[in-house]
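Residue strings, one per chain:
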Amino acid sequence: MAGSRRGSVGPLFPRRSGLAACWLLTARGQSPSVAFGHPKSCAFQGSCAPGTGSLRCSRLLIHSLLALVLGTSWQTSGAGEVPTAAVAGRFIQEVPLHREALPGIPPGFVATRVVAVAGDGIVAVGNDGAWRLEDGRWSAVPAAELADPTRAAGWLDGLDPGLVVRQAARRDDGTTAAATDRGVFERAPGGAWQALQPVDPQGLVWAAADVRGVCYDSTGSLWCTTAAGIARRTGGRWDFFTGREGLPVTDLSRCAAAADGSVWFGSARGAVRWRDGAFAYRQGPRWLPGDRVHDVAIAADGTVWLATDGGLGRIEPRVTTLAEKAAFYETEIERSIRRTGYGFIASAVLDRAGDPSTARQIDSDNDGLWTAMYGAAECFAFAVSGAPEAKRRADAVFRALAFLQDVTQGGDHAPPPGFPARTVLPITDPDPNSGQAERDRRLRDGADPRWKSLDPRWPRSADGKWWWKADTSSDELDGHYFFLALYHDLVAATPEERAAVATVVARLTDHLLDHDFALVDHDGQPTRWAVYGPAALNHDPAWSVERGLNSVSILAYLAIAAHVTGAEKYAAASARLCRDHAYDANAMVPKVQRGIGSGNQSDDEMAFMSLYHLVNYTPDPALRQRFLAAFHGAWRLEEPERNPFFHVAYAGAAAPLADSAPHLQPDGGWLADTLDSLRLLPLDRCSWPHANAHRADIVRLPSQQSIDLDRRDGAARGLRVDGKVVPVDERFFAHFNHDPWRLDTGGDGRELASGTVFLLPYWMARHHGFIAGE
C-alpha cells in the first residue's frame, strides 16, 4: 500500500526507539544484516559495505548502547570515533528591560551617571536630581548625600587638583587608578601617583590625554578607554583594541567590570561588552533607550545599568538553557502568532512597538513555507522527545499544508489538482483583489518586468469561506516537501497517517509531472517561479540563474515522492532528467554567485532544504556523493553567515557519509557558531532597528559581491574583521531568507517574528546528536 513502504533510501531521521535516535540508512532491496531497535528493521540498514555488514552494524549497535547508557548523543566519523555531543548547558541570556520602568523615578528622567552601591543598590544622577534604587523602587537622594564617593573615600587624595577626573577605580589590593583629561594615573597603597605611559607596537603612546574611563576587572587587569579605543594592562603587558581587534566603536566613555570577568563600556553610539576574549555590541532600541551612553554601572546581581541620552538602560543577565528558550518561543507562537484554525505560522503586527500583547495575526506571501519550516522543527522535536505536544503541532502543520491544496479546488478559478495556495484569508476580510490590477501593472512596468499579472490573484474557495492566494512560488514547494518528508519519517506512525502523507505528496508531484515539471495556475500558465522543466532551465537564458537551484529542487521533490509513495515513476522521472537533460550536472552549481554574500540570499534557504533531502534519498552511492559535494560547496559559501540551520542541515546530511566522503565533512567552527547563534538569539523577536554600517570592526564587501549580480547594492553590506557576519543579537531577521550581510537592519519594533529560526536548528541538532539534551 502506498505510504507503507519505507522507501528506496531511508531517512537520516529514524523513528524514536528504545535504543537511541540514530541515522537510518536503508538501500532499496537490501535486507538487514543485524536487526535491533524495531523488530524488522536494522537502524543502519544499507550503511554497511558488502561483506562487512555484521561488523559495521555491531559496531554501531555498541555506539547506540553507549549512548543509551551514558545518556549522550553521538555521531560517527570515518575513523569510527564516538565524539561526545556538544553540551550547551546553562548560559547567560541578556535581557534588556528599559521598557519595564521601575516605580518611583519621575517620567522623562535622563541619567548622566550611574553608580553601584552596597548590596544591589544603584544610584542614578541626572536631569532631575539623584535617585536610589532599593528593593525594586526608586527614591530621591538628598543633595547632601551626593558627594563623589571616590573623593569621599579618599581615593583621589594627593592627585593634582588641576586634573579633571573622568572616572576612578580601586582594585581589591587597594591600588587606585584615575582617568583624567591629561592621561591615566595609578597609585599603589601608600605610594605616590604615577602617570602611566602605555605604548603600542607602533610606538604610539595611548592614554597620554583625554582618558575617559578606567576600571579593574575580576583578574586585576586595568582597562582604560579613550577616543581611539581601549588599552588594557595585564601584569606588565599592555594590549590595545581598535576596530582591527574587533572593537565595534572607538569613541568610548566610562567603563565598569563585572564579577564574571566581563567588562562594559559606554560610547557615543551604543555600549560594548567584553567577555571571553570577544566584544559584543549593544546598540539601538532593542538594547538601549538611547545610543549615547554616558556611564555604566554593574549591580551586585550582575544587572548592567547604563546612563543614556534617552533614559536609564537596564540589561539583566538571566541563566537559562536552550530547552527553556525553545519553550519560551513555543509559548509566544501559540499566544501571538498562530493564525486561523489551521495554525499558520509567519509573523504578527504589533499595535504597540515591542509589546506582544498587542499582536494582530497577518498573512504573508509565504505562509506555506514558514508554516512548513515550523512544522519541520516539531517533527525533529517529536523524534527527540516523543512529546505529545510536538506531535500535535506537527499534525496541525500537516493538516494546514494539505488544506492549502484542498482549498484551491472546485471553485470558479480552480487550478489543476495538487496546486497549493500560497496562503489564505477568511472571506470576512476585505477583498484582497481590490486594486490588484493596478499593483500588477506598476510592478511589471517598474522594478519587475517578469512580474506575472493574474486575475484574480485571490480566488474564492468553493465553500465560500476563504480567499486563497495564487501564483505559488518555488520556495513554497521547497518548504512543503521539506516538511512532508520529515513528517512521514518521524511523526506519521500508523499506515493511515503515512498513506495520508503519500496522498498529499503524490498529488503535488503528479501535478508537476503532468505539466512538464511546472506548477500551473488557474490561468493555465506556470506560476512566476515554480518552473522546473528542461526547456526553461537548460534552453531559456531568462532562467539561467535558476538552473542549478530549480534542478536541485525538482530532483529532491522526485526523490521524496519516490521514498514516501514507493511509486517507481518518480525515480524514473528523476533518472530521465539526469540522463537526458544533465540535471545532475546542473545541481552541482545550486547558486549563481561571485563569492560570499553575493546572489539572492533567499535561494540559500531553499537550496539547503532541498539538498538535505536530496542527499539523503538518492539511492545511487556515487550520485549521492556528488550531490553531497554540491551541498558542501553551498555550505562553504554560507559558512561565514553564522546560520545554525545551514550548519546543522549540512552536517546532518554529511554525517552518514563520513566513511565514504571524509573530505566532505564539515570542519572549522560550525558547531561553536551554531551554539553561539542559538544562545545569542534574543528572546525579544521584535523588529527593532540595528545600525552597524558605522562600526570600526566592519569590512565592506566588494561591489562585485552584490545580491543582484547585475547591479551594485543600494544598502551597505559587509562582515566583521573575524571574517563572519554580524552576530544574531546585533541585527534583526525574521527568517533564514534574509540578507545577513546587510549592516543596517530592522524596522520600528512593530513586527513580531516567530521563534522558528531557533526551534528548527535546535531540534534538528538535538536529533542528529550534535547537541546533547539538558
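Everything below is about the structure printed above this text.
Being a predicted model, the structure only gives us computed values, none of them experimental.

Student: Describe the side chain of D475, with residues and values.
Tutor: Here D475 is to be found in helix α7 (residues 474–491). Although buried, D475 forms no salt bridge, and the nearest oppositely charged side chain, R422, lies 4.9 Å from it. Those residues in contact with D475, other than ones at most four positions away along the chain, are N366, L369, S602 and M606.

Student: Please set out the packing of helix α15 (residues 644–654) against helix α17 (residues 756–768) residue by residue, giving values where relevant.
Tutor: Closest axis-to-axis distance for the α15/α17 pair is 9 Å, and the angle between their directions is 25°. When the axes of α15 and α17 are compared, the pair comes out roughly parallel. The chirality of how α15 crosses α17 is left-handed. Residues P644, F645, V648, A649 and G652 of α15 pack against V757, L760, P761, M764, A765 and H768 of α17. Residues of the contact of α15 with α17, tallied by class, amount to 9 nonpolar, 2 polar and no charged.

Student: Can you break down the nonpolar core residue by residue, with the values?
Tutor: Among the nonpolar cores identified, the biggest contains 139 residues, and F631 and F645 are the most heavily contacted of them. Sorting elements by how many residues they give to this core places helix α4 (residues 367–385) first, with 13 residues. Counting 15 residues, the second-largest nonpolar core is a separate cluster that includes L196, Y216, W238 and F240.

Student: Which residues make up the sheet that holds strand β8 (residues 183–187), and what values go with them?
Tutor: One open sheet holds the 4 strands; their spatial order is β6-β7-β8-β9, and the pairing between them is antiparallel. Both edges of this open sheet fall to β6 (165–170) and β9 (194–195), since each of them pairs with a single strand only. As defined by bridge partners, β8 adjoins β9 across 2 bridges and the pair is classed as antiparallel. Paired with F185 across the bridge in β9 is A195.

Student: Describe in detail the side chain of D395, supporting the description with residues and values.
Tutor: Position of D395 among the secondary structure elements: in helix α5 (residues 388–406). For D395, a relative accessible area of 14% translates into the label buried. Excluding its chain neighbours within four sequence positions, the residues that come into contact with D395 are Y487 and V491.

Student: Any chance you could break down the layout of surface pockets for me, citing the residues and the numbers?
Tutor: A volume near 1200 Å³ is recorded for the largest pocket. Lining the largest pocket are 37 residues; nearest its centre among them are D448, R528, W529, E546 and N600. Secondary structure elements with two or more residues in the lining of the largest pocket: α6 (436–445), α7, β26 (526–531), α10 (547–565) and α13 (601–617). Across the lining of the largest pocket, the residue classes tally to 12 nonpolar, 9 polar and 16 charged. Here the second largest pocket defines a volume of roughly 1000 Å³. Lining the second largest pocket are 49 residues, with A116, C255, A256, A257 and I298 positioned closest to its centre. Mapped onto the lining of the second largest pocket, the elements with two or more residues apiece are β1 (91–96), β2 (111–116), α2 (149–152), β6, β10 (213–216), β14 (252–257), β18 (293–298) and β20 (311–320). When residues of the lining of the second largest pocket are assigned to their parent elements, the largest contribution, 6 residues, is made by β6. For the lining of the second largest pocket, a count of residues per class yields 28 nonpolar, 7 polar and 14 charged.

Student: I'd like to hear about the packing of aromatic side chains, residue by residue, with values.
Tutor: Counted under the stated rule, the structure contains 32 aromatic pairs. Aromatic pair Y481 and Y557: ring centres 4.2 Å apart, planes at 10°, arrangement stacked. Here Y481, found in helix α7, pairs with Y557, found in helix α10; they are 76 residues apart in sequence, far enough to count as distant. Residues Y481 and Y557 agree in their burial class; the two are buried. Here the aromatic cluster, defined as three or more aromatic residues joined through ring pairs, consists of F482, F608, Y612, F631, W635, F645, F646, Y650, F733 and F736. When the ring centre of W287 is taken as origin, the NZ or CZ atom of R282, which lies over that ring, is 4.1 Å away. R685 extends its terminal NZ or CZ atom over the ring of F733, reaching a point 5.6 Å from the ring centre.

Student: Quick one: what's the story with the environment of V349, residue by residue and with numbers?
Tutor: Relative to the elements of secondary structure, V349 occurs in strand β21 (residues 347–350). In the structure, V349 is positioned 12 residues away from I337 in sequence and 9.0 Å away in space, judged by C-alpha atoms. With residues up to four places along the chain from it excluded, the contact list for V349 reads T358, A359, R360, I362 and R750.

Student: Give me the environment of D431: which residues, what numbers.
Tutor: Position of D431 among the secondary structure elements: in the loop between β23 (424–426) and α6. At 2.8 Å, the side chain of D431 and the backbone nitrogen of N433 are in polar contact.

Student: Can you explain the pattern of salt bridges? Please cite residues and give values.
Tutor: All told, the structure shown has 52 salt bridges when counted by the stated rule. Note that R282 is salt-bridged to D729, the shortest N-O span being 2.9 Å. Of this pair, R282 sits in strand β17 (residues 278–282) while D729 is found in the loop between β28 (718–720) and β29 (751–753), placing the two residues 447 residues apart along the sequence. Using a relative accessible area of 1% as the deciding quantity, one classes R282 as buried. Among the residues examined, D729 registers a relative accessible area of 2% and is labelled buried. The closest approach of N and O atoms between R339 and D367, which form a salt bridge, is 2.5 Å. A residue pair is termed long-range when its members are at least 10 positions apart, and R339 in the loop between α3 (322–337) and β21 and D367 in helix α4 qualify at 28 residues. R339 gets classed as buried once you look at its relative accessible area, which sits at 6%.

Student: Account for empty space enclosed by the protein, with residues named and values stated.
Tutor: Enumeration over the complete set of coordinates arrives at 5 cavities of 30 Å³ or more. E641, N643, F736, H738 and P740 are the residues nearest the centre of the largest cavity, which is lined by 13 residues in total. Grouping the amino acids of the lining of the largest cavity by side-chain chemistry returns 6 nonpolar, 3 polar and 4 charged.

What counts as what
- Residues numbered from 1 in each chain as written.
- Predicted model: local features only at pLDDT ≥ 70, side-chain atom pairs only at ≥ 80, totals over all residues.
- Heavy atoms only, no water.
- Helix = DSSP H or I, 4+ residues; strand = E, 2+ residues; numbered from the N terminus.
- Buried < 20%, exposed > 50% of the residue type's maximum accessible area, 1.4 Å probe, protein only.
- Lys, Arg positive; Asp, Glu negative; His and termini not counted.
- Salt bridge = Lys/Arg side-chain N within 4 Å of Asp/Glu carboxyl O.
- Contact = heavy atoms within 4.5 Å.
- Axes fitted to C-alpha atoms, helices over the stretch in contact; angles between N-to-C directions.
- Parallel < 35°, antiparallel > 145°, perpendicular 65-115°, else oblique.
- Left-handed = near helix turned anticlockwise from the far one by under 90°.
- Nonpolar A, V, L, I, M, F, W, Y, C, P; charged D, E, K, R; others polar.
- Core = buried A, V, L, I, M, F, W, Y, C linked by side-chain atoms within 4.5 Å.
- Pairing = 2+ DSSP bridges.
- 1 Å grid on protein atoms, 1.4 Å probe; cavity = no way out; pocket = protein on both sides within 12 Å on 5 of 7 lines; lining within 4 Å.
- Points joined across faces, edges and corners; volume = space filled by probe spheres on them.
- Phe/Tyr/Trp six-rings, centres within 6.5 Å; stacked < 30°, edge-to-face > 60°.
- Lys NZ or Arg CZ within 6 Å of the ring centre and 35° of its normal.
- Polar contact = N/O pair within 3.5 Å; in protein donor to acceptor, adjacent residues only side chain to side chain.

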